[in-house]
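# An overview of the molecular structure
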Amino acid sequence: MNRERLSALIWVPAALFLLVAGGMLACGEIPRERGRLAVTFAAASEFRRALVVGEGQDAIDVSRLELQLRAVKFLPDEAEDDDAAAVHEAGDFFIDVLDDDGDRFEVEVEPGLYKKVEFQVDKPADGDGIDGTDAALWFEGSRGDVAFRFTDDRMMKLTFRDVDLAVEPGGVDTLLVDLDVSRWLDEVDLDALVADDDGLVDIRADGPNDRAHRQIERNISAAIRALRHPNP
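Cut-offs used in this document
- Residues numbered from 1 in each chain as written.
- Predicted model: local features only at pLDDT ≥ 70, side-chain atom pairs only at ≥ 80, totals over all residues.
- Heavy atoms only, no water.
- Helix = DSSP H or I, 4+ residues; strand = E, 2+ residues; numbered from the N terminus.
- Buried < 20%, exposed > 50% of the residue type's maximum accessible area, 1.4 Å probe, protein only.
- Contact = heavy atoms within 4.5 Å.
- Areas by Shrake-Rupley, 256 points an atom, 1.4 Å probe, with all protein chains shown as cover.
- Core = buried A, V, L, I, M, F, W, Y, C linked by side-chain atoms within 4.5 Å.
- Phe/Tyr/Trp six-rings, centres within 6.5 Å; stacked < 30°, edge-to-face > 60°.
- Lys NZ or Arg CZ within 6 Å of the ring centre and 35° of its normal.
- Expected span 1.5 Å × (residues − 1).
- pLDDT = per-residue confidence, 0-100.

The helix and strand inventory of the protein stands at 2 helices and 12 strands. Ordered by position from the N terminus, the helices and strands of the protein form the series α-β-β-β-β-β-β-β-β-β-β-β-α-β. Relative to its 232 residues, the protein shows a buried fraction of 43%. Within the protein, contacts between residues at least 6 apart in sequence are counted, and of these 75% link residues at least 24 apart. Surface summary for the protein: the accessible area is close to 13,100 Å², and the carbon and sulfur share equals 48%.

Membership of the largest hydrophobic core comes to 54 residues, with the highest contact counts inside it found for Phe41, Phe105, Phe119, Phe139 and Leu179. The element contributing the most residues to this core is strand E3 (residues 60-76), with 7 residues.

On to the packing of aromatic side chains. If you walk through the whole model with that rule in mind, you get 7 aromatic pairs. Relative to Phe148, the ring of Phe139 lies with its centre 5.0 Å away and its plane at 65°, an arrangement referred to as edge-to-face. With a relative accessible area of 0%, Phe148 lands in the buried category. An aromatic cluster of three or more residues is present, and its members are Phe41, Phe93, Phe105, Phe119 and Phe160. The ring of Trp138 carries the charged tip of Arg64 above its face, separated from the ring centre by 4.0 Å.

A few words now on helix H2 (residues 210-223). The end-to-end C-alpha distance of H2 is 20 Å, a good match for the 20 Å that 14 residues give at a rise of 1.5 Å each. When we look at burial in H2, the residues that qualify are Ala212, His213, Gln215, Ile216, Glu217, Asn219, Ile220 and Ala223.

Attention now goes to the confidence of the model for the protein. Summary statistics for the protein give a mean pLDDT of 84 and a share of 82% for residues scoring 70 or more. Within the protein, no element has a lower average pLDDT than helix H1 (residues 3-27), which sits at 43, and none a higher one than strand E11 (residues 200-203), at 98. Here residues 2-21 is modelled with pLDDT under 50, and outside its nearest four sequence neighbours on either side it reaches 3 contacts, counting other chains as well.

A word on unusual backbone geometry. For Asp162, which is not glycine, the phi dihedral falls at a positive 55°. Tracing the backbone shows Asp162 in strand E9 (residues 156-167). Residue classification places Asp162 among the exposed positions, given a relative accessible area of 59%. The phi torsion at Glu187 lies on the positive side, around 65°, for a residue other than glycine.

See below:
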C-alpha cells in the first residue's frame, strides 16, 4: 500500500472523529465526568468504629450495630446555577457500623452542589431485613451488667439539610453520619425492663418492653446528625 493511500485511510477516521466531536460540542452533548458521594456511618464521630460509647455508668458496650437502607437521595441546591441533578438510588444498602469494610457506601452523581440528603431505613421492598428478620436496625450490647438488644422494623426517614456537598468532575466528596449511640438509651432504665431466661433485655415494638422501644426510637431521631468530611 502506498504512503498516499495510507495517509488517506488515517485522515478519514480522524476527520470523522473531529466532525462528530465538533457536532457534540455545538449541541452541548459531551457529558462531564461524573463524581461520587461517599457516605460513612459512625457510632460516634470521634471514634468511627467505637465499641464503647459514653462514660461512667452510662457507658454502652456496643457489640452489634447494623442498618439496612432501602433508598438514598441526594438533592441539589436549586438556587445554584450548576448541573447537579437529583439522585434517587433504591436497593439494599447494608451498613455494619463496627466493620471497617462495611460502614460506608458510594453513589455516582453529576458534578455540582448538593444541599440535602435523605436515607430511608427499611428492609428491601422484595426481601428480608437483617438476618432474615423484619428488622432494618439492629443495636445490641450492654450497659453495666445488663445485656440488651434493640431491633426496629419501622420505616425511618433520616433527612439532613444544608450539608454543602460539592462534587467536582471525577472527584469525590464525603459525608459522615454520626449516629451518636451514646444518647440512644437516654431515659431508659434497663434494670426495670423485662429480661428473658438468658438475662437478655429484648427491646421490640411488639414485646413487653414496648414503651422503652418507643423512647429509644425518639432518642435515635434526636441524636443522629450529618457532618462533612469524616476523619480518615
